[in-house]
Amino acid sequence: MRTTARLLTGTALTVAAIGALGAPAAYAGDSEALEVYPSSATPGTTVTVNTLACGKKGRGVGDAQSLGAGDFQLNPSTHKEVVVGQFTVPEHAKPGTYWISVACDNGKTARGELVVKQKGPSGHVRTGVGGSVGPDTTQIAAGAAVLAAAAVGGTWLLRRRASGAQDG
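Computed from a predicted structure; not experimentally measured.

### Re the state of the cysteines
No. 1: A complete count under the given rule lists one disulfide for this structure.
No. 2: Note on cysteine connectivity: Cys54 is disulfide-linked to Cys104, with sulfurs 2.0 Å apart. Taking the sign of the S-S torsion, about -75° here, the bridge from Cys54 to Cys104 comes out left-handed. Here Cys54 is found in the loop between strand 4 (46-51) and strand 5 (60-63), whereas its partner Cys104 is found in strand 8 (residues 96-104), with 50 residues between them in sequence. As far as the burial class goes, Cys54 and Cys104 line up, both buried.

### Focus: the pairing of strand 8
The side chains of a regular strand alternate, first on one face of the sheet and then on the other.
No. 1: Bridge analysis of strand 5 against strand 8 gives four bridges, and the strand direction is antiparallel. Bridge assignment links Gly62 to a residue of strand 8, and that residue is Val102.
No. 2: With eight bridges joining them, strand 8 and strand 9 (residues 109-116) adopt antiparallel strand pairing. In the strand pairing of strand 9, Ala103 is matched with Thr109.

### Looking at the packing of aromatic side chains
No. 1: Under the definition given, this model contains one aromatic pair.
No. 2: Ring centres of Phe72 and Phe87 lie 5.0 Å apart, and the angle between their planes is 35°; this geometry places the pair in the tilted category. Of this pair, Phe72 sits in strand 6 (residues 71-76) while Phe87 sits in strand 7 (residues 83-88), placing them 15 residues apart in sequence. Phe87 carries the same exposure label as Phe72, and that label is buried.
No. 3: For Arg111, the ring lying beneath its charged end belongs to Trp99, and the centroid distance is 3.9 Å.

### Some remarks on the pairing of strand 5
No. 1: Where burial is concerned, the two faces of strand 5 differ: the one with Gly60 and Gly62 is buried and the one with Val61 and Asp63 is not.
No. 2: Two strands pair when backbone bridges link them, and strand 5 and strand 6 are joined in this way by four bridges, in the antiparallel orientation. Across the sheet, Val61 pairs through a bridge with Gln73, a residue of strand 6.

### Observations regarding the environment of Ser77
No. 1: Following the sequence through the fold, Ser77 ends up in the loop between strand 6 and strand 7.
No. 2: Residues Ser77 and Lys57, spaced 20 residues apart in sequence, show a C-alpha to C-alpha distance of 8.3 Å.
No. 3: Excluding residues within four positions of it along the chain, Ser77 makes contact with Val82, Val83 and Val84.

### Comments concerning the nonpolar core
No. 1: Grouped together as the largest cluster of nonpolar side chains are 22 residues, with contacts concentrated most on Val47, Val49, Leu67, Phe87, Val89, Ile100 and Leu114.
No. 2: Elements with a contribution of two residues or more to this core: strand 4, strand 6, strand 7, strand 8 and strand 9.

### Description of the pattern of salt bridges
Proximity of charged atoms lets side chains of opposite charge pair with each other.
No. 1: Applying the stated criterion to the full structure yields two salt bridges.
No. 2: Here Lys108 makes a salt bridge to Glu32, at a shortest N to O gap of 3.5 Å. A residue pair is termed long-range when its members are at least 10 positions apart, and Lys108 in the loop between strand 8 and strand 9 and Glu32 in strand 1 (residues 32-33) qualify at 76 residues.
No. 3: Residue classification places Glu32 among the partly exposed residues on the basis of a relative accessible area of 31%.

### Some remarks on the side chain of Thr51
No. 1: On the secondary structure map, Thr51 appears in strand 4.
No. 2: Within polar-contact distance, the side chain of Thr51 engages the backbone oxygen of Ala33 at 2.8 Å.
No. 3: Looking at Thr51, its side chain comes within polar contact range of the main-chain nitrogen of Ala53, at 3.1 Å.
No. 4: Filtering out sequence-adjacent residues up to four positions away, Thr51 remains in contact with Ala33, Leu34, Glu81, Val82, Val83 and Ala110.

What counts, and at which threshold
- Here the residue numbering is sequential within each chain, running from 1 through the sequence in written order.
- In keeping with the predicted nature of the model, local features appear solely for residues at pLDDT of at least 70, side-chain atom pairs appear and are counted solely at 80 or more, and the whole-chain, interface and lining totals rest on all residues.
- In computing side-chain values, all of the structure's heavy atoms are included and hydrogens and water are not.
- Two cysteine sulfur atoms make up a disulfide if the distance between them is within 2.5 Å.
- Runs of E in the DSSP output that reach at least two residues are strands. Runs of H or I that reach at least four are helices, and both are numbered from the N terminus.
- For every residue, the accessible area (1.4 Å probe, protein chains only) is compared with the maximum for its type, and the residue is labelled buried under 20%, exposed over 50%, or partly exposed between those bounds.
- Note on pairing: two strands pair once DSSP finds at least 2 bridges between them.
- Only Phe, Tyr and Trp rings are paired, with Trp represented by its six-membered ring, and only when their centres lie within 6.5 Å; those with planes under 30 degrees apart are stacked, over 60 edge-to-face, the remainder tilted.
- We call a charge positioned over a ring when the NZ of a Lys or the CZ of an Arg lies within 6 Å of the ring centre and within 35 degrees of the ring normal.
- Should any heavy atoms of two residues lie within 4.5 Å, those residues are considered in contact.
- As used here, the term nonpolar core means buried Ala, Val, Leu, Ile, Met, Phe, Trp, Tyr and Cys residues forming a set that is joined through side-chain atoms within 4.5 Å.
- Salt bridges, as used here, are contacts in which a Lys or Arg side-chain nitrogen is within 4 Å of a carboxyl oxygen on Asp or Glu.
- Residues adjacent in sequence count toward polar contacts only when both atoms are side-chain atoms; beyond that, a polar contact is any pair of N or O atoms within 3.5 Å, and within protein one must be able to donate a hydrogen and the other to accept it.

Structure representation (structure tokens):
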């Protein structure tokens, strides 16, 4: 099971790395690249986007309406010529791939993809291991009986040996 998980994880990371290297070329004709971090998020996650499209000290307006997050502002960051903005993936967002775009004050645009994943379970997961499952009185009684029998048997053997009532 672990080997399969490692194989799938390695394959997914390789595909993601190849996709990240090829992404800027895909946007070169229409608009500039918009970096989306994290590129895969669940509802409720804050997503940060940045681009060089707006230029030094530029500003822009981001559009995340495709997933229901609305517009957001991009402002100059501490990095040279990079503008940055944030939005939160709405709780009602459905799993899928969404385009996020930015319109800069200088007339340029940038686009990037965000993959929304299904939100995982919260709280304790009933796996049957550890304390994730409530107490079972039958199992507790059986365990206590085994321990009691072992204690009685051990005590009997030690007393028998100590009294010299051994055959042999």
